[in-house]
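Structure assessment
Residues per chain are reported as follows:
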Amino acid sequence: RARDQASRGAGVNVCVSDTGGYLTHPELNIISSVNTINPSKSANDDNGHGTHVSGTIAARDNTIGVVGVAPEAKLIIAKGLSRSGSGFASDLAETIDECRVRGGRVVNMSWGSSAPSQTIHDAIIRAYNAGIILVGAAGNSSGAVGYPAAHPEVVAVSAITQSYSLAS
């Protein structure tokens, strides 16, 4: 059964706050990008995680590669994590703010910490108050949900295996 256009992400800008994105990837419809670690440099992915997340969200429905869950969504890439996958709260908060001002309707945050950051939470509140849907990695353990996913404004998501157990 064919999915309607809205469920395919048509007309939705999804912002990925992560390690960047492979900006010329043929499977990704990237409309904007920013590097909050070093604004004078490209938001090109030097780790791979941000590109992986972007593809899971919005890889095009064509004859090559995989298909994302919202293949007609447009992507905003906000690089706030380094090539090692780590970053500062200030850079990550800035990615959320950049997502908001660049027209993101959904912000994906597939990163986390066991401790909250007021700086990040303030940016989340600004985005939430602007009507943006925020999605965060819950963490793939049976313990407590990590931050920023544990904030009440954020939808917490975990990865699961084919047998519906938490992915490692």
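Up top you'll find the structure we're talking about.
A short tour of the structure in this document, coming up. (Residues numbered from 1 in each chain as written. Predicted model: local features only at pLDDT ≥ 70, side-chain atom pairs only at ≥ 80, totals over all residues. Heavy atoms only, no water.)

Our focus in this paragraph is the side chain of Lys-79. Relative to the elements of secondary structure, Lys-79 occurs in strand E3 (residues 74-79). What makes Lys-79 buried here is its relative accessible area of 4%. Among the polar contacts listed, one links the side chain of Lys-79 to the backbone oxygen of Leu-81, at a separation of 2.9 Å. Once you skip the residues sitting within four places of it in the chain, Lys-79 turns out to touch Asp-18, Thr-19, Gly-20, Val-34, Asn-35, Thr-36, Ile-37, Ser-42, Ala-43, Asn-44, Asp-46 and Thr-95. (Helix = DSSP H or I, 4+ residues; strand = E, 2+ residues; numbered from the N terminus. Buried < 20%, exposed > 50% of the residue type's maximum accessible area, 1.4 Å probe, protein only. Polar contact = N/O pair within 3.5 Å; in protein donor to acceptor, adjacent residues only side chain to side chain. Contact = heavy atoms within 4.5 Å.)

This paragraph deals with the nonpolar core. In this structure, Ile-96, Val-107, Met-109, Ile-120, Ile-124 and Leu-134 are the most contacted members of the largest nonpolar core, which totals 20 residues. Elements that contribute at least two residues to this core include exactly E3, helix H2 (89-101), strand E4 (106-109) and helix H3 (118-129). Excluding residues that lie within four positions of it along the chain, Ile-120 makes contacts with Ala-89, Leu-92, Ala-93, Ile-96, Trp-111 and Pro-148. In terms of nonpolar packing, the next biggest core, distinct from the first, is built from 13 residues, Ala-43, Val-53, Leu-75 and Val-106 among them. (Core = buried A, V, L, I, M, F, W, Y, C linked by side-chain atoms within 4.5 Å.)

Taken as a whole, this structure holds 1 disulfide when the rule is applied. One disulfide bridge connects Cys-15 with Cys-99, the sulfur atoms lying 1.9 Å from each other. Judged by the sign of its S-S torsion, about -55 degrees, the cystine formed by Cys-15 and Cys-99 is left-handed. With Cys-15 in strand E1 (residues 13-18) and Cys-99 in helix H2, the pair connects residues that are 84 residues apart, well separated along the chain. Of the two residues examined, Cys-15 and Cys-99, each falls in the buried class. (Disulfide = S-S within 2.5 Å.)

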